[in-house]
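Summary of the model geometry
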Amino acid sequence: MTGKAPTDRPIRVVLTGGGTGGHVYPILAIHDLLKQELPIASALYVGVRGRAEEQIVPRAGIPLRFIAAAPISGLSPWRLLPALGKVLLGTLQALAVLLRFRPHLVLAAGGYASAPVCFAAFLLRPLLRAPLVIHEQNVMPGLMNKLASLFAHLVMVSYPETSFFLWSNRCVHSGYPVRSRFLERPDRLAARQRLGVPVRDLVVLAYGGSLGSRSINRLMMSVLPCLGGLSRGVTVIHSAGLGGGEYEAWKETVGLLRAACPPGVEPRQVGDEVHVTLAEGKVTYRLAPYLHDIGDSMAAADLVICRAGAGTLSEVTAMGRAAIVVPKRDLPGDHQEHNAIHLAEEGGCEVLFERRGADGVDFVEPGELCALLASLVADPARIAALEDKARAAFYRRFAARITGTVQAALRREPIAFMPDIVAPALVRIHMQVDVLVDFLRQQPADSFYRRLYAIKMEENLASQDWRAVNVGIKLAGALGRRDLAPALVRLFATGNPFMRRNVLKALEHIGADIDELEELLGRAVADPYFEVRAAAFPLAALHAARVQRDPALVERLRRAVEARFQHFQVRAEGLRAMALLLPFPAYMRLAWRFRYAANARVRRAIIEGVMAALEVGRLGERDIDAAERLLNDMLITTSDFSPRFRIRERYVEAQRRIAEARRS
Amino acid sequence: MVELALSLLRLVGIEHGYFRLVEFITFRVIMAAITSLALSLALGHRIIVWLYRKRFRDAGGEFSSLDMHSKRGTPTGGGVLILLAVVTAVALWGRLDNAYLLAVSAAFVYFGLVGWFDDAQKVRFKSALFGLGQMAKTLLQLAFVVPFGLWLVSEMSPLPPAMRSQILVPFVKTPLGDPGPMVFSAFAMFVFFSVVNAVNITDGLDGLVTGPAVTTALLYGVFAYVLGNAVLSRYLLFTMLPGAGEMAVFAAALAGGMLGFLWFNAYPAEVFMGDTGSLAIGGGLASMALLTRQEMLFPIVGGIFVANIAASLVQEKIGMRIGRRLVLRAPLHHGQTERGIAEPKVVIRFWIIAFLLMLIAGLSLKLR
């Protein structure tokens, strides 16, 4: 089988990828797109038995073959070896399948189910010459996809940030291929008539992906009581999902539904669904194990309650429906939470964050959903606005992008890959807590990020691990939580040195008045750990007016700065702060002693202290003379410097001008 | 290789008086140094451009202080320059049938390749923090260190059998003891692994690692020469290690290559050596230390490396356990910049310390 890649002769395509619907549907969607442009003679889907593709692919009319595969990320060494064995077996099976079918193109969705086929396609490259094209749906690719990307001809990513995480540099931003059903302008009326749903009701669709979401399922069951209190009739269409592992989605949810029904009300079986009417007919609840055509239910809905996975959000925004998104927490990089916030900030959805219960199970406060539903029911314009913004947020050019890219790959034409990009914000935030702290401090008061990290902060502060509590302290400072100031002061007494330092810094960020401030500062300045003593001073300076009224404390602070053996950081912070706490002549006497200090930071602090005092207007005529004398006498030479790179400056300037020239 | 070429010429009948120069180790040592220096100067700019175009660029350590921010985009992986220069010089001027030389060169090249792989991963991930996973990096290093340790005490080792597992301490004539091949082998592996990582950690400021590395290489080169020379070793009361003198060729080539790299790497750097360079240098120094049986001298002559890894370990293992910093910053050079001393000054100050340490270590040649 030799080389020339035809696009005028009929081609054979192998599709692979599975495990969850989130992998299967996009590949089927891409296949549909390609069928319109390319002469696809036949297609073959290769998947894993017992997973979502077994349910979904036959319905699409594509032949399905099974191979062995296993996930390998996060496995203990014991489990790793049999898993690798399975992958090897799957690769051999895939080799056989590919040799028999001889495809011209291999399309993979990523996920462990597609890995064996990817490896096999790579191995057979000299023989088959079929380009391997991977499509990555999520912001954060799994380990298998990162690895497989190296073997692929190219990787199409749904989000630009994904190219940062993939090991291959051959990436094209294609967007997410939703099925054509979701691109049609939805006709709410017609859909409701088709489904037999009351036209006047508020229709809420709740689903957690093909496998279902325990969190959403339980949430819906727990808000049943409050649904009757809404000012409109409500119909809920709830897809429990196929479940997975130990979670039997259908069984548990039906059980919870029965339990939630008041005495005398019995759910009735309708086909494979369970229906029940509550609140004297105001609330109609339809619970289904799995909705094959979620598009219809979504078209009929006013509100959609769903997860924040790439596929789900793409489908919802493509169709343009108002969503209440419940991101799944603790995924790598918190990517669902970031997906959700990203959309919410554009006004395209509402977000409810999960909390972690004492038993380790994630849940959403039912009260939050009830309140949200009530407010949305009362404000139909809000729902319409959400729909519009959601529709605007969807990347509609995916069809042209995908078909164009695949055609270029088949014709062996050069492809414009994405250039390197800087680490996306969510990576930098997660690498260092201090970056996250800076990020949060800049967020406006009603930011979604503040809500999200408030939850994480509470959980951290309640943890047994001091490292988690430490992060919680930093977050408390970043979020400016005045109500937590007393708790922070208590943590100062019990915490280790890092925690004590961070408490002081957090209190400084919060800025509010603290009850036992003087006592706290007194203990801080006498602390055995130098960073704690150093952190006491900016806090004292912040509350200068109050501290000045306690001469004993001021004297203790001054003694600490003056002490013969003192860490340079403490002395520097002290010299900066004391300019605002001492009467200026006293400060001059203190600073004078350190005007020739060996450490440049100490001398810089003196100058900064004098400038701070000037700004606040503490300097009288004679004080200014004294300050000038000090500055003139001080040792200014130092090796502490900051480089300027002229060529870099010119470069940045030139880029800026080019960007301007483009715009005009 | 030059020797081979000259002997070929001799066979054909071409002969000159000064062909005999090549048989002198000192001549080959100096020529190796000159060759690697000249080669790295000649190739430097081209390699820098090649790395830049291949997108081997420093993504900037997210932890570092503010000035570091301006280092983004500097080509990294410049260790290839050192690798090329040293390997060429050694191939030209070294006796390639010498087991010592081969072992040291193998260590140098192997760790250079591991470092290259790590740098390649880092630039793929476009961030300095994701590279080879910790586990993968350790495994790859151990894949050389373990066989090396075993080889060192085995029958195939070029060291005289009596010397193979003795504990030798500087400034002391008699060996401290002989714990047996197995124990010593484990000790040697530990030393090797620690040295390589110590050098790796020290690569944090422009030109910082070059100073101590050059002084260490030169010192071990001198030791190699002395130990391989019957007259000198007897005079200084060392047991002779026949053939060890050839390692001086490697040491000289390494010093020359690093100085040539320094031409471009000095502050502000136009190229970083990356893990390619620091691991390779670590491998070369560690193997030289073990093969001249002066590994216990390393805490002196390589004191900067040892201090850095000790500080990092203490800060991480103990400091994070009890919840406070124990050293202002680890590695130590960041502590200096934190005090407000400019980066180039810190680098030169560390070179001064390295020079001093080399002198002290040199004392151990005579003072026993």
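Note that this is a predicted model, so its numbers are computed, not measured.

This next bit is on the overall build of chain B. Counting its regular elements, chain B contains 14 helices and zero strands. Taking 2.2 N^0.38 as the reference for a compact globule, 368 residues should give roughly 21 Å; the C-alpha atoms of chain B span a radius of gyration of 21 Å, in line with that estimate. Taking the principal axes of the C-alpha coordinates as reference, chain B spans close to 60 × 50 × 35 Å. Within the span of chain B, comprising 368 residues, buried residues form 52% of the whole. Taking all contacts inside chain B whose residues are at least 6 apart in sequence as the whole, residues at least 24 apart take part in 75%.

A word on the pairing of strand β1 (residues 11-16) of chain A. All names here are of chain A. In terms of burial, β1 is largely enclosed, as five of its six residues are buried. Note that β1 and strand β2 (residues 40-47) share six bridges and pair parallel. Its bridge partner lying in β2, Leu15 is registered against Tyr45. Taken together, the four bridges between β1 and strand β4 (residues 105-108) define a ladder with parallel strand orientation. Each bridged residue has a counterpart across the sheet, and for Val14 the counterpart in β4 is Val106.

On to the interface of chain A and chain B, then. Tallying the contact residues gives 37 residues for chain A and 33 residues for chain B. Of all residues in chain A, Phe164, Trp167 and Met431 of chain A give up the largest surface area on contact with chain B, accounting jointly for 17% of the area buried on that side. At the surface where chain A touches chain B, the tally comes to one salt bridge. Residues Arg325 of chain B and Glu531 of chain A are paired through a salt bridge, measuring 2.9 Å at the closest nitrogen-oxygen approach. Summed over the shared surface of chain A and chain B, the number is seven residue pairs in polar contact (both at pLDDT 80 or more). Of all elements in the fold, only α7 (162-165), α18 (425-431), α21 (466-478), α23 (497-510), α25 (530-542), α28 (568-581) and α30 (600-616) of chain A reach the threshold of two or more residues within the side of chain A that touches chain B. Tallied by class, the residues present in the side of chain A that touches chain B amount to 19 nonpolar, ten polar and eight charged.

Right, let's talk about helix α11 (residues 249-260) of chain A for a bit. Residue and element names in this part refer to chain A. Taking 1.5 Å per residue, twelve residues should reach 16 Å; α11 reaches 16 Å between its end C-alpha atoms and fits that length. For α11, every residue scored as buried is listed here: Ala249, Thr253, Val254 and Leu257. An end-on view of α11 places all buried positions within 110 degrees of arc, on one side of the element. Turned more than 90 degrees away from the buried face of α11 sit Lys251 and Ala259, all of them exposed. Where α11 is buried, its residues contact α10 (214-227), β9 (234-239), β11 (273-278) and β12 (283-288).

This part is about helix α27 (residues 551-562) of chain A. Residue and element names in this part refer to chain A. Taking 1.5 Å of rise per residue, twelve residues should cover 16 Å, and α27 covers 16 Å from first to last C-alpha, within 8% of that figure. Every buried residue of α27 is accounted for by Leu553, Val554, Leu557, Arg558, Ala560 and Val561. The arc that holds every buried residue of α27, seen down its axis, measures 155 degrees, which confines them to one face. Set apart from the buried face of α27 by more than 90 degrees, the exposed residues are Pro551, Ala552 and Arg559. Looking at the packing, one finds that the buried side of α27 touches α24 (517-525), α25, α26 (544-548), α28 and α29 (584-592).

Moving on, we get to the state of the cysteines. All names here are of chain A. The full count for this structure, using the stated rule, is one disulfide over all chains. The residue that forms a disulfide with Cys226 is Cys370, at a sulfur-sulfur distance of 2.1 Å. Because the sign of the S-S torsion sets the handedness, a value of about -95 degrees for the bond joining Cys226 and Cys370 places this disulfide among the left-handed ones. Of this pair, Cys226 sits in helix α10 while Cys370 is found in helix α15 (residues 366-377), placing the two residues 144 residues apart along the sequence. Classification of Cys226 as partly exposed rests on a relative accessible area of 25%. Cys370 gets classed as buried once you look at its relative accessible area, which sits at 18%. Cys171 forms no disulfide, and the closest cysteine sulfur to it belongs to Cys118, at a distance of 14 Å.

As a further point, take the sheet that holds strand β14 (residues 322-325) of chain A. All names here are of chain A. Here eight strands make up an open sheet; going across it, the order is β10-β11-β12-β9-β8-β13-β14-β15 and the pairing mixed. The open sheet has two edge strands with one neighbour each: β10 (268-270) and β15 (349-351). On average, each strand axis in the sheet is tilted by 20 degrees relative to the strand beside it, whichever way the strands run. Where strand β13 (residues 303-306) lies against β14, four bridges are found, and the strand directions are parallel. If you follow Val304 over to β14, its bridge partner there is Ala323.

What follows deals with the side chain of His543 of chain A. The residue His543 of chain A is located in the loop between α25 and α26 in this model. In this structure, His543 of chain A is in contact with Gly511, Ala512, Asp513, Ile514 and Leu517 of chain A, ignoring residues within four places of it in sequence.

Look at the link from Tyr267 of chain B to Pro268 of chain B: it is a cis peptide, with omega at -15 degrees. With respect to the helices and strands, the residue Pro268 of chain B is situated in the loop between α9 (247-265) and α10 (274-291). Following Ala330 of chain B, the chain continues to Pro331 of chain B via a peptide bond in cis, the omega torsion being -5 degrees. Secondary-structure assignment places Pro331 of chain B in the loop between α12 (303-322) and α13 (332-338). If you check the backbone angles, Ala279 of chain A has positive phi at about 50 degrees while not being a glycine. Classification of Ala279 of chain A by relative accessible area gives partly exposed; the value is 34%.

Met578 and Tyr587 of chain A are the most contacted members of the largest nonpolar core, which has 158 residues in total. Non-local contacts of Met578 of chain A, meaning those with residues more than four positions away in its chain, are made with Phe537, Val554, Leu557, Arg558, Val561, Tyr587 and Leu590 of chain A. Residues Val29, Phe111, Trp151 and Met189 of chain B belong to the second largest nonpolar core, which totals 91 residues.

Let's shift gears to the pattern of salt bridges. Residues and elements named next belong to chain A. With the rule as written, the count across this model stands at 54 salt bridges over all chains. For Asp483, the salt bridge is made with Arg481, and the minimal N-O distance between the two is 3.1 Å. On the basis of relative accessible area, Asp483 is assigned to the exposed category, the value being 52%. Classification of Arg481 as partly exposed rests on a relative accessible area of 21%.

Here we take up the environment of Glu37 of chain A. Following the sequence through the fold, Glu37 of chain A ends up in helix α1 (residues 21-37). Sequence-wise, Glu37 of chain A and Gln407 of chain A are 370 residues apart; in three dimensions their C-alpha atoms are separated by 9.0 Å.

Our next topic: the side chain of Asp527 of chain A. Residues and elements named next belong to chain A. On the secondary structure map, Asp527 appears in the loop between α24 and α25. Overall, the relative accessible area of 6% leaves Asp527 in the buried class. A polar contact is formed between the side chain of Asp527 and the side chain of Arg500, at a distance of 2.6 Å. A polar contact of 2.8 Å, which involves the side chain of Asp527, links it to the backbone nitrogen of Tyr529. When sequence neighbours within four positions are dropped, the list of residues in contact with Asp527 reads Phe492, Arg500, Val532 and Arg533.

The next subject is the sheet that holds β4 of chain A. In a beta sheet, neighbouring strands pair by backbone hydrogen bonds and run either parallel or antiparallel. All names here are of chain A. In spatial order, the strands read β3-β2-β1-β4-β5-β6-β7; together these seven strands make up an open sheet with parallel pairing. Across the chains shown, the open sheet's two edge strands, defined by having one partner strand only, are β3 (64-66) and β7 (171-173). Ignoring strand direction, the axes of neighbouring strands in this sheet form an average angle of 25 degrees. On the sheet, helix α2 (residues 52-60) packs against β2 and β3 and is oriented at approximately 160 degrees with respect to β3.

Our focus in this paragraph is the confidence of the model for chain B. Residues and elements named next belong to chain B. On average, residues of chain B carry a pLDDT of 90, and 94% of them reach 70 or more. Across chain B, the secondary-structure element scoring lowest on mean pLDDT is helix α1 (residues 2-12), at 85, and the one scoring highest is α9, at 97. This prediction of the complex comes with two scores: 0.82 for pTM and 0.83 for ipTM.

Conventions used here
- Residues numbered from 1 in each chain as written.
- Chains lettered and ligands numbered in written order.
- Predicted model: local features only at pLDDT ≥ 70, side-chain atom pairs only at ≥ 80, totals over all residues.
- Heavy atoms only, no water.
- Helix = DSSP H or I, 4+ residues; strand = E, 2+ residues; numbered from the N terminus.
- Rg over C-alpha atoms; globule rule 2.2 N^0.38 Å.
- Buried < 20%, exposed > 50% of the residue type's maximum accessible area, 1.4 Å probe, protein only.
- Contact = heavy atoms within 4.5 Å.
- Pairing = 2+ DSSP bridges.
- Buried area = accessible area lost by both parts, 1.4 Å probe.
- Salt bridge = Lys/Arg side-chain N within 4 Å of Asp/Glu carboxyl O.
- Polar contact = N/O pair within 3.5 Å; in protein donor to acceptor, adjacent residues only side chain to side chain.
- Nonpolar A, V, L, I, M, F, W, Y, C, P; charged D, E, K, R; others polar.
- Expected span 1.5 Å × (residues − 1).
- Arc of directions from axis to C-beta.
- Disulfide = S-S within 2.5 Å.
- Axes fitted to C-alpha atoms, helices over the stretch in contact; angles between N-to-C directions.
- Core = buried A, V, L, I, M, F, W, Y, C linked by side-chain atoms within 4.5 Å.
- pLDDT = per-residue confidence, 0-100.

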